[in-house]
Structures are given as structure tokens and as C-alpha cells.
Amino acid sequence: MKNNLFSMALEQLDIAAAKLDLNKNIYPILRQPERELTVSVPVVMDDGQVEVFTGHRVQYSSVRGPCKGGIRYHPDVTLDEVKALAAWMTWKCAVVNIPFGGAKGGVRCDPFKMSKEELKRMTRRYTVMVMPILGPKRDIPAPDVNTNAEVMGWIMDTVSMFTGQTSLEIVTGKSIDLGGSLGRREATGRGVMIVTLNTLKKLNMNSGDATIIVQGYGNVGSIAANLLAQNGCKVVAVSDVSGGFYNSKGLDLKDINEYVSTSKNHLLEGYKGDAEPVSNEEILVLDADVLIPAALENQITENIAKNLKAKVITEGANGPTSPEADKILEDRGVVVIPDILANAGGVVTSYFEWVQNIQSFFWNIDEVNRNLNRIMNKSFEEVWSFSKEKRVNLRTGAYMLGVDRVAKALQQRGIFP
Ligand code: GLU
């Protein structure tokens, strides 16, 4: 259930904390967000009626640096979900060792039922409502589910209009024309590809024969699928909210990409290529080496965990696996590359964007990807060897590394005043 998401985040934290033997004065601080803001977002809809949306921004931790994390637009957004996602951002930034804390935002709405002008008005009003707690040294938003470079551009413009200063560094994930970083749009998917190839190598599995399932053919999943295919892997199934497609001999991704580039809302619905239709639940248990959940939370439940056939799961989404499912997967010997490592490529490249904006000095794509590779490879190696050394699964290992970094920073800063 959705409203258990924050309990799930705390459960994962507790497992790692128990193994870390954290200072008794520090631990309770890590179990609670620093700040939660709920705002009302009235919007004049195109038909003249006013609709009032609810938005949140949760700053989980600013201990290691300014709070950082995306904003999502989805009908199921709740404060609890945003709290969980903000906690995950905190551990994620710490695992890959970039100087940010964690935050998340969301507006409960159905963006597929809204016009672009309605979305723009909603974004501008939400931005103004959370603006008192934003800032390039306070809290820097970014894209998440159903938000993109265009939405980030509206956020940048709204803040800039209010302050009378063009503030590129207030938000990341912007378009290249508005000071975004080269490679940012592809970065989360690229990171998923990097950690997946690293894992296959560790398991002595040849990427040339590896078969891949991707649930969520959106910004993260489609890039990961295409980059893995370029590295020789065979993508056998993909899906999005509208359903999915499977072909055991491998899908024609070029054909699929062409289809979704012009389809309604860029969805797979109506695709007529050489593939059988599958549902979003069926896709998880198909026969393949690697499963990449890249959609929403809570997809891999106990029942799915018992039945899935993949040997490796790379969590492109945040929180796709429940703690109960995690136990089953561990017993079954399935290797799970946890979200806080697997999908960190996005926020790492957001960090590069923020640095470029602050310095007003832009990098070329080779520089971006070289640094992304360096950070993702190093973080993967650290999590892998630390987990082996401590005899824990990769999620607990990643949590231990991340939580320990936040705890150490907190201890050294001390408790104000
Ligand atoms: N929404 C992305 C995430 O969950 C990116 C956040 C960011 O770049 O700040 O990691």
C-alpha cells in the first residue's frame, strides 16, 4: 500500500542502522525529515473553473549540503510518499558522495488530463508557494515522474521573475537552451546501464548474451534499454503505464522508439510491431537475466519476488521492491542493485549542472560522461566490496555506507545551538 512507503523507508534505514551501531543521539535525528511543507495550489483551468491541488516539498536532510531532489506530478502523490522519496535522496547523494542532502516534492494531479497551459500555471503557483524554502544553497529541485526540462524551465523563470535575478542554479534538469547540462536527460538511464554492466561482469555473465526486461519505458527505462542494447544485451520486454510488449528473440527498439516518438503521450499503446502484448505485472516475471523496474514504487511485492525469473534486478525506479520481497529475493540468490545506487546517475549529473551554473562555465559531453562514469563505477565498487566484506546484501551495504556518511557529518557539525 502506498501509505506505508515512509515506514518502508524507515524499515530499510533501521536494518542498516542496527548493523552500524549508530550513536544513540544521532539516530533519532536521521529517522525524521528536517522540514515538511504542504501547500495549496489553486489553478484557473482552461474552462474558467478553479481547481485546488495539493503540493508538498519535504527537506529530509541538509547535513551534507543543500537539499536536492525532484518534483513529481501524479494522482497518487501523498506526504508520506514524498517523505520516503526525500529520505531516499539523502542516502543516494551520500552513497555516491556528492555534497547534497535530500529532498523531494510533488503535486497530486493527473498531468495527462491537463493542458500545457494548465500545467504551466500549476507549476508557477506551486513554485511560488514553496519558494521560501528553495535556493541554490538551500534546496534545488529537479525532474521526477511526469516532470521534465520544460517544467524545470518554468520553475527557473518563476523564481527569476520574483527575485529579479536570473537564477539558473535554482533548479537542475533544465533544457540545454536554459543552462541545463549536456547528458542530464540521459543520465539516470546511463547510470542504470553502468551498474548493470558492472554487475554482469562481477557475476561472470556475458553482456553479449544477457536478456533484459524494462518496466517503465519512460525517461529512465528507455535510455537504459537502448544503451544496454548498444552494449550487446538483448532487450526482450518493455512496458509503460499503457501496457507492454514481449519478444523472446529481442525487441526491435528502433521501431519502438520511432513509434513512441509520435504516439499519444509517447506511450506504447497501439504498437503493432513484432511482439506479444503483456501486462505491467506479467512483464516482471518473464524469463530474462536482468529485470529493470523503472516505473513507480511497490512493484516487486512478495508474490512477484517468489515468481520472478531474473538473476539481477537493477532498480531504476525509487522504492520498487518491498522489504518483504527483498528477503525473498535474497534467499533466492537474486542480486538486487538498490535504487539509491542504481538510479543515482540522474542526481550526479544534476550536481554537474549545478556546478556549471554556479561557475557559468559549461562542460562538453565527454567531460560530463567521463565524470559520471568515474563516480558511478567508483560507487558501485565501494558498495559491492563493502557488502561482501560485511556479508550483507547490496541494499543494506549501500544504506550502511550512505547513512554512516550522513551520521558522521552530523556528529562533526554538532547539534545546533
Ligand atoms: N528525481 C531524480 C531522483 O530520484 C533526480 C533528482 C535530482 O536530480 O535532483 O534521483
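These numbers come from a predicted model, not from an experiment.

A. A look at the overall build of the chain. Assigned secondary structure in the chain consists of 14 helices and 12 strands. By the compact-globule yardstick of 22 Å for 417 residues, the chain fits well, its C-alpha radius of gyration being 20 Å. Projected onto the principal axes, the alpha-carbon positions of the chain cover approximately 55 × 55 × 45 Å. When each of the 417 residues of the chain is scored for burial, the buried share is 57%.

B. Looking closely at the sheet that holds strand E1 (residues 35-44). On the basis of which strands lie adjacent, the open sheet formed by 5 strands has the order E1-E2-E4-E3-E5 and mixed pairing. Strand pairing shows two members of the sheet lacking a second neighbour, E1 and strand E5 (139-143), which therefore form its edges. In this sheet, adjacent strand axes meet at a mean angle of 25 degrees when their direction is disregarded. Where strand E2 (residues 50-61) meets strand E4 (residues 102-108), 7 bridges bridge the pair, whose relative direction is antiparallel. Across the sheet, residue Ser-61 finds its bridge partner in E4, namely Gly-102.

C. Fine view of the site of the ligand. Taken together, 14 residues are adjacent to the ligand, and Lys-68, Lys-92, Pro-143, Asp-144 and Ser-350 come closest. Here an oxygen atom of the ligand and a side-chain polar atom of Lys-92 are 2.6 Å apart. One nitrogen or oxygen atom from the main chain of Pro-143 is found 2.9 Å from a nitrogen atom belonging to the ligand. Taking 300 Å² as the accessible area of the ligand by itself, protein coverage stands at 94%.

D. Layout of the pairing of E5. In terms of residue burial, E5 counts as a mostly covered element, since 4 of its 5 residues are buried. As paired strands, strand E3 (residues 67-74) and E5 are joined by 5 bridges and run parallel to one another. From the neighbouring strand, Ile-71 faces E5, where its bridge partner is Pro-143.

E. Molecular detail of helix H5 (residues 149-163). Taking 1.5 Å per residue, 15 residues should reach 21 Å; H5 reaches 21 Å between its end C-alpha atoms and fits that length. All buried positions along H5 are accounted for by Val-151, Met-152, Gly-153, Trp-154, Ile-155, Met-156, Thr-158, Val-159 and Ser-160. Buried positions along H5 lie against E3, helix H4 (116-130) and E5. The distance from a side-chain oxygen at the start of H5 to the backbone nitrogen of Glu-150 is 3.1 Å, and the residue carrying that oxygen is Asn-148.

F. Summary view of the environment of Val-336. Among the secondary structure elements, Val-336 is positioned in strand E12 (residues 335-337). Along the chain, Val-336 and Asn-148 lie 188 residues apart, while their C-alpha atoms are 28 Å from each other. With residues up to four places along the chain from it excluded, the contact list for Val-336 reads Ile-313, Glu-315, Asp-326, Leu-329, Leu-394 and Arg-395.

G. Local environment of the nonpolar core. Ranked by internal contacts, the top residues of the largest apolar core, which has 92 residues, are Leu-30, Trp-88 and Trp-91. If we ignore the near neighbours within four places in the chain, the residues touching Leu-30 are Leu-13, Leu-22, Tyr-60, Trp-91, Val-403, Val-406, Ala-407 and Leu-410. The next biggest cluster of nonpolar side chains, apart from the first, holds 24 residues, and it includes Phe-53, Ile-71, Met-122 and Met-131.

H. View of the packing of aromatic side chains. This model, assessed by the stated rule, comprises 10 aromatic pairs. Ring plane angle 85 degrees and centroid distance 5.8 Å describe the contact between Phe-100 and Tyr-351, whose orientation is recorded as edge-to-face. Placement of Phe-100 in the loop between helix H3 (79-95) and E4 and of Tyr-351 in helix H12 (residues 345-359) is noted, with a sequence separation of 251 residues between them. A centroid spacing of 5.0 Å and a plane angle of 65 degrees characterise the contact between Phe-100 and Trp-354, whose relative ring orientation is edge-to-face. Of this pair, Phe-100 sits in the loop between H3 and E4 while Trp-354 is found in helix H12, placing the two residues 254 residues apart along the sequence.

I. Representation of the sheet that holds strand E8 (residues 243-246). In spatial order, the strands read E9-E8-E7-E6-E10-E11-E12; together these 7 strands make up an open sheet with mixed pairing. Two strands close off the open sheet at either side, each with one partner strand: strand E9 (276-278) and E12. Each neighbouring strand pair of the sheet contributes to a mean axis angle of 20 degrees, computed without reference to strand direction. Looking at chain direction, E8 and E9 are connected through 3 bridges and run antiparallel. For Gly-244, the partnering residue across the bridge sits in E9 and is Val-278. Of the strands in this sheet, strand E6 (211-215), strand E7 (234-240) and strand E10 (290-293) are in contact with helix H7 (residues 219-230), which crosses E6 at around 170 degrees.

J. Layout of the packing of H4 against H5. H5 packs onto H4 with a crossing angle of 45 degrees between their chain directions and a minimal axis gap of 9 Å. Between H4 and H5, the angle is such that the two are oblique. Every pair of crossing elements has a handedness; the one defined by H4 and H5 is right-handed. On H5, the residues that touch Lys-116, Leu-119, Lys-120, Thr-123, Arg-124, Thr-127 and Val-128 of H4 are Glu-150, Val-151, Trp-154, Ile-155, Asp-157, Thr-158, Val-159 and Phe-162. Within the contact of H4 with H5, the residues separate by chemical class into 7 nonpolar, 3 polar and 5 charged.

K. Examining a nonpolar patch on the surface more closely. Residues Val-44, Val-50 and Val-52 make up a contiguous nonpolar surface patch of about 270 Å² in total accessible area. Counting through the fold element by element, Val-52 comes out in strand E2.

L. Spotlight on unusual backbone geometry. Going from Phe-416 to Pro-417, the amide bond is cis rather than trans, its omega being 5 degrees. You can see Pro-417 is positioned in the segment after helix H14 (394-413). One non-glycine residue, His-266, lies in positive phi territory at about 55 degrees. Relative to the assigned elements, His-266 resides in the loop between helix H8 (253-262) and E9. Phi angles above zero are rare outside glycine, and Arg-391 is one such case at about 55 degrees. Tracing the chain through its elements places Arg-391 in the loop between helix H13 (365-390) and H14. Residue class for Arg-391 comes out exposed when judged on its relative accessible area of 78%.

Conventions and cut-offs
Residues numbered from 1 in each chain as written. Predicted model: local features only at pLDDT ≥ 70, side-chain atom pairs only at ≥ 80, totals over all residues. Heavy atoms only, no water. Helix = DSSP H or I, 4+ residues; strand = E, 2+ residues; numbered from the N terminus. Rg over C-alpha atoms; globule rule 2.2 N^0.38 Å. Buried < 20%, exposed > 50% of the residue type's maximum accessible area, 1.4 Å probe, protein only. Pairing = 2+ DSSP bridges. Axes fitted to C-alpha atoms, helices over the stretch in contact; angles between N-to-C directions. Near = heavy atom within 4 Å. Polar contact = N/O pair within 3.5 Å; in protein donor to acceptor, adjacent residues only side chain to side chain. Areas by Shrake-Rupley, 256 points an atom, 1.4 Å probe, with all protein chains shown as cover. Expected span 1.5 Å × (residues − 1). Contact = heavy atoms within 4.5 Å. Core = buried A, V, L, I, M, F, W, Y, C linked by side-chain atoms within 4.5 Å. Phe/Tyr/Trp six-rings, centres within 6.5 Å; stacked < 30°, edge-to-face > 60°. Parallel < 35°, antiparallel > 145°, perpendicular 65-115°, else oblique. Left-handed = near helix turned anticlockwise from the far one by under 90°. Nonpolar A, V, L, I, M, F, W, Y, C, P; charged D, E, K, R; others polar. Patch = residues over 30% accessible without salt bridge, like charges linked within 9 Å, V, L, I, M, F, W, Y side chains within 5 Å. Salt bridge = Lys/Arg side-chain N within 4 Å of Asp/Glu carboxyl O.

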